[in-house]
Amino acid sequence: MPIDELAKLRLILKNQGHQITKAREATFRLLLHSEPQSLNEILMKADGQVDRVTIYRNIDLFEKLGIAHRIYIGWKYKIELSDEFTGHHHHLSCLRCGKVIDIEDETHIDEFIQDVAKKFGFQPRRHQFEVDGYCQDCQSNE
Ligand SMILES: [Zn+2]
Ligand SMILES: [Zn+2]
């Protein structure tokens, strides 16, 4: 039976010696079932329910604990919950409009990574595969 996401969050926090707080749960909810978001977008969504500094601090903690990760688009980045909550996938990110396209069905990317690791006798645990570029709309607006 799949345990629900909030229970998973609590377990990770507890196992790594961190307190389960209302603010941490609220920050987590801002990320849950959402597209990758910039910090600004997350703060807008929080709309004062959780204060800025607390959100920054919690997201920082989430990144350290592997609960969330960054997706870089050029020199900027967006935040998304990690594979454990979203399922493993990759991204195509548009440098102009900031759109992030999830790619979930391209299993040959993962097979390729497995093959490369195998060649080096390496046991892969985690990877991110990101492509920056221009989406269809942005190409045609050029
Ligand atoms: Zn675009
Ligand atoms: Zn992958």
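Quick notes on the rules
- Residues numbered from 1 in each chain as written.
- Chains lettered and ligands numbered in written order.
- Predicted model: local features only at pLDDT ≥ 70, side-chain atom pairs only at ≥ 80, totals over all residues.
- Heavy atoms only, no water.
- Donors = N, O, S within 2.8 Å, 3.2 Å for Na, K, Ca; no water.
- Tetrahedral: all angles 85-135°; square planar, octahedral: opposite > 155°, others 65-115°.
- Helix = DSSP H or I, 4+ residues; strand = E, 2+ residues; numbered from the N terminus.
- Pairing = 2+ DSSP bridges.
- Axes fitted to C-alpha atoms, helices over the stretch in contact; angles between N-to-C directions.
- Buried < 20%, exposed > 50% of the residue type's maximum accessible area, 1.4 Å probe, protein only.
- Contact = heavy atoms within 4.5 Å.

K.L.:
Mind laying out the coordination of the zinc ion (ligand 2), listing which residues take part and the relevant values?
P.N.:
All of the protein donors around the zinc ion (ligand 2) are H88 (NE2), H90 (NE2), D110 (OD) and H127 (NE2); their distances to the metal are 1.9 to 2.0 Å. Coordination at the zinc ion (ligand 2) is tetrahedral, judged from the four donor atoms that bind it and the angles of 98 to 126 degrees they form at the metal. Mapping the donors of the zinc ion (ligand 2) onto the primary sequence gives the spacing H-x1-H-x19-D-x16-H. With H90 in strand β3 (residues 90-94) and D110 in helix α6 (residues 107-119), this pair connects stretches of sequence that are 20 residues apart.

K.L.:
How would you explain the sheet that holds β3 if you had to name every residue and give the values?
P.N.:
Spatially, β4-β3-β5 is the arrangement adopted by the three strands of the open sheet, whose pairing is mixed. Strands with a single pairing partner mark the edges of an open sheet, and in this sheet they are β4 (100-103) and β5 (130-133). Here the strands of the sheet are splayed against their neighbours by 20 degrees on average, with no regard to which way each runs. Pairing analysis gives four bridges linking β3 to β5, with the strands arranged parallel. Looking at β5, one finds that H91 is bridged to E130.

K.L.:
Describe the environment of N58, and please don't skip the residues or the numbers.
P.N.:
Within the secondary structure layout, N58 lies in helix α4 (residues 52-64). Accessibility expressed as a relative area gives 5% for N58, which makes it buried. In this structure the C-alpha to C-alpha distance between N58 and A26, which are 32 residues apart in sequence, comes to 9.8 Å. Residue contacts for N58: discarding those within four places in its chain leaves A23, R24 and T27.

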